[in-house]
Amino acid sequence: MTVGMISKPHERLAEILAGEMEAVNTLIRTRMASDHAPRIPEVTQHLVEAGGKRLRPMLTLAAARLFGYSGEHHVRLAATVEFIHTATLLHDDVVDESAQRRGRPTANLLWDNKSSVLVGDYLFSRSFQLMVETGSLRVLDILANASATIAEGEVLQMTAATDLRTDESVYLQVVRGKTAALFSAATEVGGVIAGASEEQVKALFDYGDALGIAFQIADDLLDYQGDSKTTGKNVGDDFRERKLTLPVIKAVAQSTPEERAFWERTIEKGRQQDGDLDHALGLMDKYTTLEKTRQDALGWANKAKASLDFLPDHEIRSLLRELADYVVSRLS
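Residues numbered from 1 in each chain as written. Predicted model: local features only at pLDDT ≥ 70, side-chain atom pairs only at ≥ 80, totals over all residues. Heavy atoms only, no water.

A short note on the overall build of the protein chain
- Looking only at helices and strands, the protein chain has 17 helices and 2 strands in total.
- In the protein chain, buried positions account for 52% of the 332 residues.
- Long-range pairs, those at least 24 residues apart, make up 75% of the contacts in the protein chain with a sequence separation of at least 6.
- For the protein chain, the accessible area works out to roughly 15100 Å², and carbon and sulfur atoms hold 50% of it. (Helix = DSSP H or I, 4+ residues; strand = E, 2+ residues; numbered from the N terminus. Buried < 20%, exposed > 50% of the residue type's maximum accessible area, 1.4 Å probe, protein only. Contact = heavy atoms within 4.5 Å. Areas by Shrake-Rupley, 256 points an atom, 1.4 Å probe, with all protein chains shown as cover.)

Here it is as structure tokens:
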């Protein structure tokens, strides 16, 4: 298939970066092997083979290509980013007691929680080995900070998810941790390893940060108005799981005492009954919180595109701009 025939920006990026992505995949397969614990490649292979767009490692390769990098360290860093992402997915599924990921049974369901946690730990360790091989303390600092921020975001979400005092600033902090931190680190290290200027590295960080926030807000919005065939989730899963995401936070902020009592019963106390989801959707409609959430997602996508103005004029830059539009195009 030629590049011109592919419509989605991440697919066109994948085509342009096909050779480097193959090198990343080879490295991933090599480094997730274990001579002493066959359970490790079993579990990781299950998750890796489940598919996914591999967006995060692709962002690292794209950032390096944007600045004409010709070495091999960007491949190590892209594999590092994917290992960190996979490790967090393994841990998340245990924490969330999930039974399905990308349409397939989760590792914790097929094996057990202990295997998922320990294999996730193994992948984190492998990711740090790969970072060190680049010989760049700056890169190590960026990715180590991102790993800590991700863990911090997950812990914050655990405590804030069912607390009605959670406001938009706390929500943003959670999103920056659980999603945007790895997006921004992925783009930032690609620029660092390629020798981009400080202003350009900052622009790459800003792009990844805004793209990750737009991506997560869009995901949270689609939970309430998406098509389950496309999203892989049932409408209202977040409500049933008592997750305070942006559409609900906006509705709670404007609620009457009676409406707040409804949110306290369904989200804080988890005492849900038939008809509650429809009532929740009615309250979101009353305060137009789905549309306001959509505008927020579009705003972050625009911030991502604006940060690209500081980067070289290049085919990759155009695709990154399209990618920012694409992550929110599902909301139109």
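There's plenty left to go through after this.
Some details on the pattern of salt bridges
- Per the counting criterion, the structure on display carries 21 salt bridges.
- Note that Arg165 and Asp163 form a salt bridge whose closest N and O atoms lie 2.9 Å from each other.
- A salt bridge links Glu241 to Lys243, with the nearest nitrogen and oxygen atoms 3.2 Å apart.
- Judged by relative accessible area, Lys243 falls into the partly exposed class, the value being 23%. (Salt bridge = Lys/Arg side-chain N within 4 Å of Asp/Glu carboxyl O.)

Side note on the packing of helix 10 (residues 198-225) against helix 16 (residues 289-307)
- At their nearest, the axes of helix 10 and helix 16 sit 8 Å apart, and the two run at 160° to each other. What the angle tells us is that helix 10 and helix 16 run roughly antiparallel. Here helix 10 and helix 16 pass one another in a crossing that is left-handed.
- The residue inventory of the contact of helix 10 with helix 16, partitioned by class, reads 15 nonpolar, 3 polar and 5 charged. (Axes fitted to C-alpha atoms, helices over the stretch in contact; angles between N-to-C directions. Parallel < 35°, antiparallel > 145°, perpendicular 65-115°, else oblique. Left-handed = near helix turned anticlockwise from the far one by under 90°. Nonpolar A, V, L, I, M, F, W, Y, C, P; charged D, E, K, R; others polar.)

Quick notes on the packing of aromatic side chains
- Inspection of the entire model under this criterion finds 4 aromatic pairs.
- Arranged with centres 5.5 Å apart and planes meeting at 45°, the rings of Phe183 and Phe215 form a pair that is tilted. Here Phe183 is found in helix 9 (residues 168-193), whereas its partner Phe215 is found in helix 10, with 32 residues between them in sequence.
- With a centroid separation of 6.5 Å and 15° between ring planes, the pair formed by Phe239 and Phe262 is classed as stacked. Residue Phe239 is found in helix 12 (residues 237-240), and its partner Phe262 is found in helix 14 (residues 257-268); the two are separated by 23 residues along the sequence. Across the pair, Phe262 and Phe239 agree in class, each one buried.
- In textbook terms, an aromatic cluster arises when at least three aromatic residues are bridged by ring pairs, as seen for Phe239, Phe262 and Trp263.
- When the ring centre of Trp300 is taken as reference, the NZ or CZ atom of Lys303 above it lies at 3.9 Å.
- It is Arg330 that lies over the ring of Phe215; its NZ or CZ is 5.8 Å from the centre. (Phe/Tyr/Trp six-rings, centres within 6.5 Å; stacked < 30°, edge-to-face > 60°. Lys NZ or Arg CZ within 6 Å of the ring centre and 35° of its normal.)

Some remarks on unusual backbone geometry
- Despite not being glycine, Arg242 has its phi angle at roughly 60°, a positive value.
- Tracing the sequence through the fold places Arg242 in the loop between helix 12 and helix 13 (246-253).
- Although it is not a glycine, Thr288 adopts a positive phi angle of roughly 45°.
- With respect to the helices, strands and loops of the structure, Thr288 is situated in the loop between helix 15 (276-286) and helix 16.

Considering the nonpolar core
- Formed by 96 residues in total, the largest nonpolar core has its most connected members in Leu13, Leu143, Tyr207, Leu211 and Trp263.
- Per element, the largest residue contribution to this core is 13 residues, and it comes from helix 10. (Core = buried A, V, L, I, M, F, W, Y, C linked by side-chain atoms within 4.5 Å.)

Some remarks on helix 13
- The element helix 13 is extensively covered by neighbouring structure, given that 7 of its 8 residues are classed as buried.
- The complete set of buried residues in helix 13 reads Leu246, Pro247, Val248, Ile249, Lys250, Ala251 and Val252.
- Of the surrounding elements, those touching the buried residues of helix 13 are helix 9, helix 10, helix 14, helix 15 and helix 16.

Remarks on helix 9
- Its 26 residues give helix 9 an end-to-end C-alpha distance of 35 Å, which sits within 8% of 38 Å, the value for a rise of 1.5 Å per residue.
- The sharpest bend along helix 9 measures roughly 55° and falls at Ala180. (Expected span 1.5 Å × (residues − 1). Bend = angle between axes of the 7 residues up to and from the residue.)

Let's talk about the environment of Gln225
- Mapped onto the fold, Gln225 is located in helix 10.
- When residues no more than four places from it in sequence are discounted, the contact partners of Gln225 are Leu290 and Leu331.

Points about the environment of Glu22
- Assignment of secondary structure puts Glu22 in helix 2 (residues 18-31).
- Residue classification places Glu22 among the partly exposed residues on the basis of a relative accessible area of 42%.
- Along the backbone, Glu22 and Val75 are 53 residues apart, and their C-alpha atoms lie at a distance of 9.4 Å.
- Of the polar contacts made by the side chain of Glu22, one reaches the side chain of Arg29; its length is 3.3 Å. (Polar contact = N/O pair within 3.5 Å; in protein donor to acceptor, adjacent residues only side chain to side chain.)

Describing the packing of helix 14 against helix 15
- Running from N to C, helix 14 and helix 15 cross one another at 135°; their axes reach a closest spacing of 11 Å. Looking at the two axes, helix 14 sits oblique to helix 15. Both helix 14 and helix 15 take part in a crossing whose hand is left-handed. Taking contact as the criterion, the partners of Glu259, Phe262, Trp263, Arg265 and Thr266 in helix 14 are, on helix 15, Asp276, His279, Ala280, Leu283, Met284 and Lys286.
- Across the contact of helix 14 with helix 15, the residue classes break down as 5 nonpolar, 2 polar and 4 charged.

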